[in-house]
Amino acid sequence: MEDNLLEIRDLVVEYHTDDDVIYAVNNINLTIKKGETIGLVGETGAGKTTIAKSILRILPQLQADLKSGEIFFEGVDMLTLAERDMRKIRGNKISMIFQDPMTALNPIEKVGFQIAETIKLHNKIRREEAERRACDMLEMVGIPMDRFSEYPHQFSGGMKQRVVIAMALACNPSLLLADEPTTALDVTIQAQVLDMMRSLKEKLGTSVILITHDLGVVSDFCDSVAVAYAGEIVERGSVDRIFNNPHHPYTLGLFGSLPRLDSTEPRLKPIKGLMPDPTNLPSGCRFYERCPDAAEACALSPPQDIEIEPGHTIKCIRGKEGGI
Amino acid sequence: MTPLLEVRDLKKYFKNKAGMLHAVDGIDFVLEEGKTLGVVGESGCGKTTLGRTVLHLIEATSGQILFEGKDISNPTKQEMHGIRRKMQIIFQDPFSSLNPRMSVCEAIMEPLVLHEHMSKSEMLTETRRLMDTVGIATRFENSYPHELDGGRRQRIGVARALALNPKFIVCDEPVSALDVSIQAQIINLMLDLQEQRGLAYMFVTHDLSVVKYISDDIMVMYLGQMVEKAPSDELFKNTCHPYSIALLSAIPVPVYPNNAQRVLLRGEITSPINPKPGCRFMARCRFAEEKCNEPQVIEECAPGHFVACCRYKEIKENKD
């Protein structure tokens, strides 16, 4: 497929602790087209961050075990690349924004230097040229150039996240992995940062995987959505389909639990129970115990992906009709 | 009838190398029994300090706090011990607010040990009853916090706060560390408890969409001051202060197509150290003009709806 930028096939990742095996990612398939922005949605422990880290191959080496799967980026299986080649991709063609801007920056280096460092590493240019480009990047994310020589502690949270974004975009990557980029920020600052990210990705034509638990951010920012639950993608489709015609009971439950300003319901409708223990996943459908529509067959074998509309798949044998 | 809690011109300043940090600067409110006041604002607006000052967890700089009609601004140690059982708090982070070396049972029992004259078996029965009330299975009574997930830990926090049958609970961002499906469970639990026990809540949060579900009145704070206060429905229907308008519009709404018109604020929150006398939101406000440099007077623009902005009428007319 020509226009697929990234293709993840049957990815399985486990974490090993002294006593247990944590099944973090179980047979995930995900395709991202050039220029597409996809929202990867799910709760804590759904495996969202593990997917992103697998793409960049930055999983913790000792504990994590990438059991099987293939990750094709621009037609090359990255899991077979040598570490040397991988290093040329990280921060260059694929870069990542981490959740917490307070810990993502080096506290004892000037912010401008940290941006220039990335640029210099991936391009054969002189230091002055790299610094000049770093200045341009700062301007682009809305930070005045004269703050080039300041240290991270002199910036506020929103400003630090802008620096991190400038670093991530410095080499004009074709894929940006944004792991909860605005979760640590106040809403008014979040609105500013998202607005900036939107105009940058349009300007640069970057594909984005936006990892978030906030469905509001997704509808505002993404073209398509993948809903993750207990290490699987349970529903995948365009934003329009997922928001206006969701089918998987978990997605429906997620919308019901969401406090929203436009609702007239006096009470929220939570999903009962908790996410299954990742060391001991049920053999059938992972959502079986919490599902209001579960049937006996659901507990027996894990459901397969069913395409209910072109581009809209769900992992549920009962694939309910109708919207929210 | 005397209200349960009345706060008059409450101030809390912190001394700081650079000057006086005005964390809470002249807050007034009244809370009736069984009602909820939502306090909303962004980081650094003083909402947490307000909650803690009301509970005397930190001493107020000046102002009055009346609880059940009695002035408790300067209580003796003994008086405070009596007041404590009526006013409790649920903290934000269930990962750091519980003693890691206390089991679930010990943690919930602690307030009973400190305040009630009960035998050990009575306490145990009471603890189990509390666990049942907040929905933690008794099989967890000997578990330690690290063995539990965030939702269950927060339930312990709720049980501890309920143990002495208080009348008033300050809830300091009780659900912001939780996932949405768990968050909804805890919010519903708190609403149920309020109905059953007639509790009054002061619900401190940064999340306006959460507060909508739980509050009777909502107060929006900015840099230590109240900028707007109104009954919940009225605030959402008829938002007056430019800051509240921006705050509301900044919340991403989970609908598609998303045609929301965002009011993007310029800049960030200014320093709360030695603030100028005028409107504190002025530096970020697109309606700011000369007269905003004067101290803002709180006006009642509709019954029970207060706003601290000298231009709210003009802004409203322009919008309509």
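Higher on the page you've got the structure.
All figures in this text were calculated on a predicted structure; none of them were measured in a lab. (Residues numbered from 1 in each chain as written. Chains lettered and ligands numbered in written order. Predicted model: local features only at pLDDT ≥ 70, side-chain atom pairs only at ≥ 80, totals over all residues.)

**Description of the overall build of chain B**
The criterion, for reference: Secondary structure is summarised from DSSP: a helix means a run of H or I of at least four residues, a strand means a run of E of at least two, and numbering begins at the N terminus for each. We take the radius of gyration over the C-alpha atoms and set the globule estimate at 2.2 Å times the residue count to the 0.38 power. Exposed residues have 12 or fewer other C-beta atoms within 10 Å of their own C-beta, buried residues have 20 or more, and residues in between are partly exposed; the C-beta atoms are placed from the backbone. Here, residues touch in the contact sense if the C-beta positions derived from the backbone fall within 7 Å of one another.
Each helix and strand in chain B was counted, giving ten helices and twelve strands. Relative to its length of 320 residues, chain B is compact, with a C-alpha radius of gyration of 21 Å against a globular reference of 20 Å. Based on the C-alpha atoms only, the size of chain B along its principal axes is roughly 65 × 55 × 45 Å. Each of the 320 residues in chain B was classed as buried or not, and the buried ones make up 43%. Sequence separation of at least 24 residues holds for 66% of the intrachain contacts in chain B that already meet a minimum separation of 6.

**Some words on unusual backbone geometry**
Going from Tyr256(B) to Pro257(B), the amide bond is cis rather than trans, its omega being -5°. With respect to the helices and strands, the residue Pro257(B) is situated in the loop between helix H9 (242–250) and strand S11 (299–302). Positive phi is not limited to glycine here, since Arg57(A) has a value of about 55°. Judged by the 17 C-beta atoms lying within 10 Å of it, Arg57(A) is partly exposed.

**Some words on the interface of chain A and chain B**
Worth spelling out the cut-off: Amino acids outside the nonpolar list (Ala, Val, Leu, Ile, Met, Phe, Trp, Tyr, Cys, Pro) and the charged list (Asp, Glu, Lys, Arg) are all regarded as polar, and Gly is one of them.
Facing 37 residues of chain A, the contacting portion of chain B comprises 34 residues. Elements supplying a minimum of two residues to the side of chain A that touches chain B: helix H7 (187–204), helix H8 (215–221), helix H9 (239–244) and helix H10 (249–257) of chain A. In terms of residue class, the side of chain A that touches chain B is built from 15 nonpolar, twelve polar and ten charged.

**A short note on the environment of Thr49(A)**
Residue and element names in this part refer to chain A. Looking at the element boundaries, threonine 49 is found in helix H1 (residues 48–56). In this structure, the C-alpha to C-alpha distance between threonine 49 and glutamate 180, residues 131 residues apart in sequence, is 9.2 Å. In contact with threonine 49, not counting residues within four places along its chain, are Asp179 and Ile211.

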